[in-house]
Amino acid sequence: MDIENIRSQFPILERKVYGKPLIYLDNTATSQTPQRVVDEIVHMYYNAKANVHRGVHTLSQEATDAQEATREMIRRYINAESIEEVIFTRGTTEAINLVASSYGQLLENGDEIILTVMEHHSNIVPWQLLGNRKRIMLRVVPINKIGELDLEVYRSLFNERTRLVAMCHVSNVLGTVNPVKQMIAEAHSRGVPVLIDGAQASPHLRIDVRDLDADFYAFSAHKMYGPTGVGILYGKKNLLKMMPPYQGGGEMIGHVSFEGTTWAELPFKFEAGTPDYVDIAAMRKAIEFIKETGIETINDHEEDLLRYTTARLLEEIPGIHIYGMAPHKSAVISFNLDCAHHYDVGMLLDKMGVAVRTGHHCAQPLMHALGIEGCVRASFAVYNTRAEADAFIAALRRAHDMLS
């Protein structure tokens with residue numbers, strides 16, 4: 001992999017923070033964007049800004065073609081059977097809320113949903129809101145000491161009232177890559193559908209929804225080198241057809257009268273209003289970047305950085321506690337120092353040009369299970385290097401000495 005060529009495609013990596021070269025290690029929150037994505041946004045605004053699916057004029061048709069080309073590229077990228085199964089949302093959060101609000105209408109009082117303790121709030125709160133309306137019970141899979149899900153407990157949580165499993169593919173805190181294919185098969189053997197939060201998996205792993213046999217799979221563009229404000233919900237066609245619309249308005253209708261309304265065909269039944277067709281078009285360029293680089297190449301590079309950095313941190317930083325040491329792990333290192341609050345560590349690292357995330361990472365139940373209030377999180381992407389890892393470790397050692 002030509003790392004210098006890859007880095008040259010990301011202009012922000014030339015930036016300095018407090019006079020130091022930017023070392024961006026907050027990729028789990030959002031990744032940076034290559035030049036080609038920004039160029040496509042500019043091109044769309046300057047040349048094809050017109051509402052999609054609603055005009056016979058050239059600009060509208062070009063904008064529609066650009067949006068639908070992205071839909072088809074995503075279909076191929078995740079190996080969905082049909083473009084009818086690819087729904088545009090504003091992000092993973094909205095995609096999960098769509099399922100909770102729409103599929104949730106098919107559930108009854110007393111039904112149960114299985115979650116895991118490592119879920120992001122976006123895969124907890126929507127189900128709690130549903131539970132408030134329908135008295136749905138949430139049952140939670142715990143983790144073991146190294147941050148893996150307890151599969152024996154998972155199997156024990158199923159009963160005649162279980163109606164859905166909703167779980168992350170990769171933990172945004174621990175980095176644990178969950179055995180989702182196995183867990184989906186376990187749920188399907190009991191007739192229970194599964195929603196996968198793929199926000200943290202899509203930038204790092206090859207996603208094949210048919211191989212996984214996922215019923216729903218949600219992810220976001222901004223975590224995979226794309227623009228903000230664009231998300232994807234994959235859903236099996238038979239489930240999407242039986243689900244009522246999530247929102248009402250333009251585009252999602254077949255016919256409207258004051259006596260009643262019929263719905264458009266999939267996927268438009270779930271895409272009310274004007275979509276962010278400019279950023280949707282630009283998402284295609286982000287996927288092009290990933291495909292050109294190679295998702296396996298990206299994963300191998302990030303795993304090397306993960307192993308290298310973890311080993312050095314454990315050897316060289318006194319009093320460090322790393323959360324999540326599963327053998328199958330994404331390039332995320334969450335940690336605390338005995339001598340300091342995580343916020344103070346993050347602030348000092350920022351002064352040395354190193355961008356990390358601090359806090360509970362929208363995973364407060366997991367923080368409680370770990371016995372902490374929050375932690376520091378460093379996360380890698382394809383454009384990061386061992387030299388940056390070295391600089392991060394040196395900065396952390398300095399922060400440790402200052403706070404001791």
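For clarity, every value in this text was computed on a predicted model and none was experimentally measured.

Thresholds applied
- Residues numbered from 1 in each chain as written.
- Predicted model: local features only at pLDDT ≥ 70, side-chain atom pairs only at ≥ 80, totals over all residues.
- Heavy atoms only, no water.
- Salt bridge = Lys/Arg side-chain N within 4 Å of Asp/Glu carboxyl O.
- Helix = DSSP H or I, 4+ residues; strand = E, 2+ residues; numbered from the N terminus.
- Buried < 20%, exposed > 50% of the residue type's maximum accessible area, 1.4 Å probe, protein only.
- 1 Å grid on protein atoms, 1.4 Å probe; cavity = no way out; pocket = protein on both sides within 12 Å on 5 of 7 lines; lining within 4 Å.
- Points joined across faces, edges and corners; volume = space filled by probe spheres on them.
- Nonpolar A, V, L, I, M, F, W, Y, C, P; charged D, E, K, R; others polar.
- Pairing = 2+ DSSP bridges.
- Right-handed = clockwise from strand over helix to strand, strands pointing away.
- Axes fitted to C-alpha atoms, helices over the stretch in contact; angles between N-to-C directions.
- Contact = heavy atoms within 4.5 Å.
- Polar contact = N/O pair within 3.5 Å; in protein donor to acceptor, adjacent residues only side chain to side chain.

Peer 1: Before we move on, can you summarise the pattern of salt bridges with the specific residues and values?
Peer 2: What the rule picks out here adds up to 27 salt bridges. The partner of Arg-90 in a salt bridge is Glu-94, and the shortest N-O contact between them spans 2.8 Å. Between Arg-155 and Glu-152 there is a salt bridge whose closest N-O contact spans 2.9 Å. Highlighted residues: Arg-155 and Glu-152, both in helix H6 (residues 151-156), separated by three residues, approximately one helical turn. Residue Arg-155 is classed as partly exposed on the basis of its relative accessible area, which comes to 27%. For Glu-152, a relative accessible area of 57% corresponds to the exposed category. Among the ionic contacts, a cluster of salt bridges with common partners joins Glu-152, Arg-155, Glu-186 and Arg-190.

Peer 1: Please give an account of empty space enclosed by the protein that cites residues and values.
Peer 2: In this approach a probe as big as a water molecule rolls over the atoms, and the regions it shows empty are the leftover space. Tallying each qualifying case throughout the model produces one cavity of 30 Å³ or more. The volume enclosed by the largest cavity comes to roughly 40 Å³. Lining the largest cavity, in full, are Val-177, His-204, Leu-205, Asn-299, Glu-302, Glu-303, Lys-329, Ser-330 and Ala-331. Of the residues belonging to the lining of the largest cavity, the class tally is three nonpolar, three polar and three charged.

Peer 1: Explain the pairing of strand E8 (residues 194-197) residue by residue, including any values.
Peer 2: Residues Val-194 and Ile-196 point to one face of E8 and Leu-195 and Asp-197 to the other, with burial holding for every one of them. Across four bridges, the pairing between strand E7 (residues 162-168) and E8 is parallel. In the strand pairing of E8, Met-167 is matched with Ile-196. Each parallel crossover has a hand, and the one from E7 via helix H7 (residues 180-188) to E8 is right-handed. Looking at chain direction, E8 and strand E9 (residues 216-220) are connected through three bridges and run parallel. When the sheet's bridge partners are listed, Asp-197 is paired in E9 with Ala-218.

Peer 1: Talk me through the sheet that holds strand E13 (residues 320-323); I want residue IDs and the actual numbers.
Peer 2: Within the open sheet, the four strands sit side by side as E13-E14-E17-E16. Their pairing is antiparallel. The sheet is open, and its two edges are formed by E13 and strand E16 (357-359), each paired on a single side. In this sheet, neighbouring strand axes are inclined to one another by 30° on average, regardless of whether the strands run parallel or antiparallel. Here strand E14 (residues 332-337) pairs with strand E17 (residues 375-379) via four bridges, running antiparallel. Opposite Phe-335, over in E17, you have Val-376 as the bridge partner. Its contacts with the sheet place helix H14 (residues 386-403) against E13, E14 and E17, and it is angled at close to 15° to E14.

Peer 1: Lay out the side chain of Glu-68 with the relevant residues and their values.
Peer 2: For Glu-68, the position within the fold is in helix H3 (residues 58-78). Of the polar contacts made by the side chain of Glu-68, one reaches the side chain of Arg-71; its length is 2.7 Å. With residues up to four places along the chain from it excluded, the contact list for Glu-68 reads His-53 and Phe-268.

Nothing here speaks to function; it is geometry throughout.
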